[in-house]
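Below, each chain spelled out in residue letters.
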Amino acid sequence: MIKYYTRACNFKYGSIARKLIKKKLALPLCGNGNISFDEIEIITRNKNRVSNKIIHYKELNNLSNNQKKKVKKDLRNITSKRNNFLKNINFSKPSIMGILNLTPDSFSDGGKFNEKQKSIKHISDMISFGANIIDVGGESTRPGSKTINPKKEWERVKHVIRVFKKRYKNISLSIDTRKSDLMIKSIKHGVNLINDVSGFSYDKNSLKKIKKFNLPKVLHHMKGTPNTMQINPKYKNVLLDIYDYFEKSIKERFTDKKIIVDPGIGFGKNLKHNLILISKISLFHSLGFPIMIGTSRKRFINQISGKYDSQDRTGGTIASVLFLLSQGVQIFRVHNVKEIKQGILVFEKILQQ
């Protein structure tokens, strides 16, 4: 079976993008007039053979009928404005998801915010620094970590989940969990987003149990489990394999369309896999959904920087965020909210000129 994939490329920004769109010399990315593109990479996959070519978007008539049909469908998704289905989030602008790990063993901040007052202060700080989504998790998913039981996980997060919406009504609350029991308990306390790193595959009944609540969900990709994911991960083609995973999951498992896709940087990927996904991230716009990426403090930064690594890896995180921003990614899951917000503001100001 031959499959075709469409990736927007050759982006322009700010006033140049707006002029090109107005003159119909370029197309808007995700309905955002401040980012345009005029070229597309068409990737062809025939079993294990992958080939590609880059064409101007006006050269579609030179394609075969099957290619043309698929590319036109993809372009409708790539150029269409995303529906704002997540509370107080505008997908036409970059959003920051601040991470609150209430675990003793997360890879960079385990145990740091477990005390009630420290966790509440950290939430307040992240919001004041520019986070408009807070992601709360009680189970570490670092490489090699092991599953904990739902009762222990709920004990870790319940004090935050119970009070969050009483204090921050206009901030989106996300629960980072693989377990349906925690999803439902959190929903009852006003959670707005379900972020399951297993792609709702760890708990086989989770999608069925939360279906009636019709809440937005992050469709995340992870190869294996946190305990096994970094043991020599392999793909036929990491970019296309993950695209196919998203496409199939959206079609077969999700009845609503309130989906944010996250390719799962560092979740069952080696350095090469991560770099391919980041550099070619714009492929996923052709699915028609917002994209979320978490590169914050990830190991690939250390693998690249070597002796120039730092504890917080802020420099590497900002570099990856700004590149992803230039590719139209909508949500960034980060630890250092203030520094990332500052970087985004300066970068956007430069691009808008």
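One can find the structure itself at the top, above this paragraph.
Novice: Summarise the side chain of S95; cite the residues concerned and give the values.
Specialist: Within the fold, S95 resides in strand β5 (residues 95–101). Relative accessible area serves as the criterion here: at 2%, S95 is assigned to the buried category. In terms of polar contacts, S95 uses its side chain to reach the side chain of N132, at 3.4 Å. If we ignore the near neighbours within four places in the chain, the residues touching S95 are I89, N90, N132, I133, Q330, I331 and F332.

Novice: Report on the environment of G266, specifying residues and quantitative values.
Specialist: If you trace the backbone, G266 turns up in the loop between β10 (259–262) and α8 (271–279). Separated by 34 residues in the primary sequence, G266 and F300 have C-alpha atoms spaced 7.5 Å apart. In this structure, G266 is in contact with M229, Q230 and N274, ignoring residues within four places of it in sequence.

Novice: I'd love a proper account of the packing of helix α3 (residues 116–129) against helix α4 (residues 150–167), names of residues and values included.
Specialist: How two helices sit against one another is set out by the angle between their axes and by the gap between those axes. Where α3 contacts α4, the two axes come as close as 11 Å, and the packing angle between them is 40°. With respect to their mutual orientation, α3 and α4 come out oblique. In this structure, α3 meets α4 at a crossing whose hand is right-handed. Listed contacts from α4 to K116, S119, I120 and I123 of α3 are H159, V160, V163, F164 and R167.

Novice: If you had to explain the side chain of S286 to someone new, which residues and values would you point to?
Specialist: Within the fold, S286 resides in the loop between α8 and β11 (292–293). Overall, S286 belongs to the buried group, its relative accessible area being 2%. In contact with S286, other than residues within four places in its own chain, are T6, D74, N77, I78 and Y243.

Novice: Mind laying out the pattern of salt bridges, listing which residues take part and the relevant values?
Specialist: All told, the structure shown has 17 salt bridges when counted by the stated rule. Residues K217 and D256 are paired through a salt bridge, measuring 2.9 Å at the closest nitrogen-oxygen approach. Pair noted here: K217 is in strand β9 (residues 217–220) and D256 is in the loop between α7 (238–252) and β10, with a separation of 39 residues, a long-range link. Connected via shared salt-bridge partners are K3, R45, D241, D244 and E247.

Novice: Go over unusual backbone geometry, please, and point to the residues and values.
Specialist: Backbone geometry places N10, a non-glycine residue, at a positive phi of 60°. Along the chain, N10 turns up in strand β1 (residues 2–13). If you check the backbone angles, K24 has positive phi at about 60° while not being a glycine. Note that K24 resides in the loop between α1 (14–22) and β2 (27–29).

Novice: Help me get a handle on the pairing of strand β6 (residues 133–137), residues and values and all.
Specialist: Counting buried positions over the five residues of β6 gives five, a clear majority of the element. Where burial is concerned, the two faces of β6 agree: the one with I133, D135 and G137 and the one with I134 and V136 are both buried. Note: β5 against β6, five bridges, orientation parallel. Along β6, the bridge assignment pairs L100 with V136. Strand direction decides the pairing type here: β6 and strand β7 (residues 172–176), joined by five bridges, are parallel. Bridge pairing links I134 to L173 in β7.

Novice: Before we move on, could you go through a positive patch on the surface and cite the residues and values that matter?
Specialist: Together, K69, K72, K73, R76 and K251 make up a region of like positive charge exposed at the surface. Counting residues per element, the positive patch draws most heavily on helix α2 (residues 65–79), at four residues. Relative to the assigned elements, K251 resides in helix α7. The class of K251 is exposed, set by a relative accessible area of 72%.

Novice: Could you give me a rundown of the environment of K47, with the residues and numbers involved?
Specialist: Relative to the elements of secondary structure, K47 occurs in the loop between β3 (32–46) and β4 (49–56). The spatial distance from the C-alpha of K47 to the C-alpha of L193 is 36 Å, given a sequence separation of 146 residues.

Novice: Tell me about α3, residues and numbers included.
Specialist: Taking 1.5 Å as the rise per residue, α3 with 14 residues should run 20 Å; its terminal C-alpha atoms sit 20 Å apart, in good agreement. Here α3 has its buried residues at S119, I120, H122, I123, M126 and I127. Projected down its long axis, α3 carries its buried residues within an arc of 160°, all on one side. In α3, those exposed residues whose orientation departs by more than 90 degrees from the buried face are Q117, K121 and S128. In the core, the buried residues of α3 are packed alongside β5, β6, α4 and α11 (337–351). Phi turns positive, to about 125°, at G130, one or two residues after α3.

Novice: An account of the packing of aromatic side chains is requested, with residue identities and associated values reported.
Specialist: Under the definition given, this model contains eight aromatic pairs. Aromatic pair F11 and F37: ring centres 6.3 Å apart, planes at 70°, arrangement edge-to-face. Residue F11 is located in strand β1, and its partner F37 is located in strand β3; the two are separated by 26 residues in the primary sequence. By relative accessible area, which is 0% here, F37 ends up buried.

Thresholds applied
- Residues numbered from 1 in each chain as written.
- Predicted model: local features only at pLDDT ≥ 70, side-chain atom pairs only at ≥ 80, totals over all residues.
- Heavy atoms only, no water.
- Helix = DSSP H or I, 4+ residues; strand = E, 2+ residues; numbered from the N terminus.
- Buried < 20%, exposed > 50% of the residue type's maximum accessible area, 1.4 Å probe, protein only.
- Polar contact = N/O pair within 3.5 Å; in protein donor to acceptor, adjacent residues only side chain to side chain.
- Contact = heavy atoms within 4.5 Å.
- Axes fitted to C-alpha atoms, helices over the stretch in contact; angles between N-to-C directions.
- Parallel < 35°, antiparallel > 145°, perpendicular 65-115°, else oblique.
- Left-handed = near helix turned anticlockwise from the far one by under 90°.
- Salt bridge = Lys/Arg side-chain N within 4 Å of Asp/Glu carboxyl O.
- Pairing = 2+ DSSP bridges.
- Patch = residues over 30% accessible without salt bridge, like charges linked within 9 Å, V, L, I, M, F, W, Y side chains within 5 Å.
- Areas by Shrake-Rupley, 256 points an atom, 1.4 Å probe, with all protein chains shown as cover.
- Lys, Arg positive; Asp, Glu negative; His and termini not counted.
- Charge placed at Lys NZ, Arg CZ, Asp CG, Glu CD.
- Expected span 1.5 Å × (residues − 1).
- Arc of directions from axis to C-beta.
- Phe/Tyr/Trp six-rings, centres within 6.5 Å; stacked < 30°, edge-to-face > 60°.

In short, the description is geometric, and any link to function would need to be established separately.
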